[in-house]
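Reading the structure
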Amino acid sequence: MDHFQYRNGELYAEDVALSRLAAEIGTPFFCYSTATLERHYQVFADAVSGLDASICYAVKANSNVAVIATLARLGAGADVVSGGEMKRALIAGVTPNRIVFSGVGKTREELAEALKAGVTRINVESEPELEILSEVAASLGIAAEISIRINPDVDAKTHEKITTGKSENKFGIDLAVARDVYARAATMPGLEVCGVAVHIGSQLTDLAPYREAYVRTAAFVEGLRQDGHDIRHVDLGGGLGIRYDDEEVPSPAEYGAMVTETVSHLNCPVTFEPGRVIAGNAGVLVSRVLFVKEGLAKNFCIVDAAMNDLIRPTLYNAYHEIVPVIEAPKGHADINMDIVGPICESGDYIAKDRMMAPVDADDLLAVRTAGAYAAVMASTYNTRPLAPEVLVNGNTFEVIRRRFTVDDMIDLETIPDWLSSDPPLRAGGTG
Ligand code: LLP
């Protein structure tokens, strides 16, 4: 359930009309709902409450500091994958001991920065990383509490670009060799081997591969304990899918029950790294219709949001529901349209062949399920300023990231001296 509902034919975020935000802020913009973020966090927390669970929100899903702070106030930790995300989590008030640092390509500098900041829980993904971490931690006189991310070679049955637990994916260390890597890690200075981590992909809509991965992980932990390692926690990653269209998705409660069945006998704290399930349906992208163009083969609804604001449709063929901010009159006939942005690429679309109520120029549309992997994946392609983000809380709201300006972008650039004077006349040429 989310808090984007129609009231008297108008779409609201909690108690704030989206049309009011559009008038005050301009379009396009992202709008997030505090009550929805809180609810999703709570539902997840309840689902795993039978375990000694810690929920480290996957900051990559939506890294706005206000969103992280909203969740941190409820007790969430953070799963971060870069020095930048770590900084955001710390600024948002997540205590360093509630931060897990994951990722396949951490730099020496990022690792040092993390350890100095007190972020000592590191999920290591390769042997070279282990060596660098050992060196950095030993030189700082700090013990990094490591988990090694194992790759259980399980097909998560999700989109190929967001599947991570097959041996051909770049993530984690193959189970077949992981035991030896743990043995090595135990002898290295600066490392305290204490956990096992696993994450097989994102937008998982089937519990079976999860179960398989967790069963393999639990068996692996038991093996490590037999080898004498003091494995004190497991990190089960994130990935729980959500409903974008009419897909059947497991509820957090079903997921929690499956986790309990597969790992509770390990009798240790369990970390979760949910991202999308918390933030996805807590946000919409509001856009205005620029033109309606009736083509020979198709109708196009050209809006002022584009693939630079929401890359998911073109990158993953992802479906996002699109609804009018002012509800269409009852009894209207839907028509088939492509909802496209102004960018000069045919891949610039938010929806293709969508049956929708007819729209006119200036109408507002809300693209749903845009709270996760939307604003964070935006670019400035075509010199389009990043869209602002707004957080609603009851009947109040705040712009939590202002709209970029074109000057913000151009100010980062420099014309070298040799180009600053009048252009020299060049001899020759093609003429
Ligand atoms: N933990 C790790 C180690 C991850 O790699 C991820 C996501 C998560 C947790 C959080 O997964 P979630 O609960 O949000 O599914 N841009 C893609 C999704 C990429 C996910 C990357 N890793 C999309 O728009 O679908």
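From a predicted model like this one, the values you see are computed outputs, not experimental measurements.

**Notes on helix α5 (residues 108–116)**
Working note: α-helix, 3.6 residues per turn, so residues spaced by three or four point in the same direction. Within α5, the full set of buried residues consists of Glu-110, Leu-111, Ala-112, Ala-114 and Leu-115. Elements in contact with the buried residues of α5: α4 (83–91), β7 (99–101), β8 (121–124), α6 (127–140) and β9 (144–151). The positive-phi residue at the C-terminal boundary of α5 is Gly-118, with phi of around 90°.

**Let's talk about the pattern of salt bridges**
Tallied over the full model, the rule gives 20 salt bridges. Overlapping salt bridges bring together Asp-2, Glu-321 and Arg-368 as one network.

**Considerations on the domain arrangement of the protein chain**
Domain parsing of the protein chain yields domain 1 (4–31 + 282–410) and domain 2 (34–279). Once you take the C-alpha centre of each, domain 1 and domain 2 turn out to be 32 Å apart. At the boundary of domain 1 with domain 2, total buried surface from both sides reaches about 1,900 Å², with 55% on carbon and sulfur atoms. When residues of domain 1 are sorted by the area they lose upon contact with domain 2, Ala-282, Tyr-316 and Tyr-373 head the list and together hold 29% of the total. Summed over the shared surface of domain 1 and domain 2, the number is 0 salt bridges. Counting the contacts that link domain 1 with domain 2 gives 8 residue pairs in polar contact (both at pLDDT 80 or more). For the side of domain 1 that touches domain 2, the residue count by class is 10 nonpolar, 5 polar and 5 charged.

**Points about the layout of surface pockets**
Looking at the largest pocket, its volume works out to about 650 Å³. Lining the largest pocket are 33 residues, with Lys-60, Thr-164, Phe-171, His-199 and Tyr-373 sitting closest to its centre. Taken together, domain 1 (4–31 + 282–410) and domain 2 (34–279) each give at least three residues to the lining of the largest pocket, which thus spans both. When its volume is computed, the second largest pocket comes out at roughly 480 Å³. Met-1, His-40, Ile-242, Arg-243 and Asn-281 are the residues nearest the centre of the second largest pocket, which is lined by 22 residues in total. At the level of elements, α2 (34–47) and α10 (276–279) are the ones that each hand at least two residues to the lining of the second largest pocket. With 4 residues, the single largest contributor to the lining of the second largest pocket is α2. Residues belonging to the lining of the second largest pocket are distributed by class as follows: 9 nonpolar, 6 polar and 7 charged. Counting contributing residues, the lining of the second largest pocket receives three or more from each of domain 1 (4–31 + 282–410) and domain 2 (34–279).

Calculation notes
Residues numbered from 1 in each chain as written. Predicted model: local features only at pLDDT ≥ 70, side-chain atom pairs only at ≥ 80, totals over all residues. Heavy atoms only, no water. Buried < 20%, exposed > 50% of the residue type's maximum accessible area, 1.4 Å probe, protein only. Helix = DSSP H or I, 4+ residues; strand = E, 2+ residues; numbered from the N terminus. Contact = heavy atoms within 4.5 Å. Salt bridge = Lys/Arg side-chain N within 4 Å of Asp/Glu carboxyl O. Domains from an automatic or database assignment. Buried area = accessible area lost by both parts, 1.4 Å probe. Polar contact = N/O pair within 3.5 Å; in protein donor to acceptor, adjacent residues only side chain to side chain. Nonpolar A, V, L, I, M, F, W, Y, C, P; charged D, E, K, R; others polar. 1 Å grid on protein atoms, 1.4 Å probe; cavity = no way out; pocket = protein on both sides within 12 Å on 5 of 7 lines; lining within 4 Å. Points joined across faces, edges and corners; volume = space filled by probe spheres on them.

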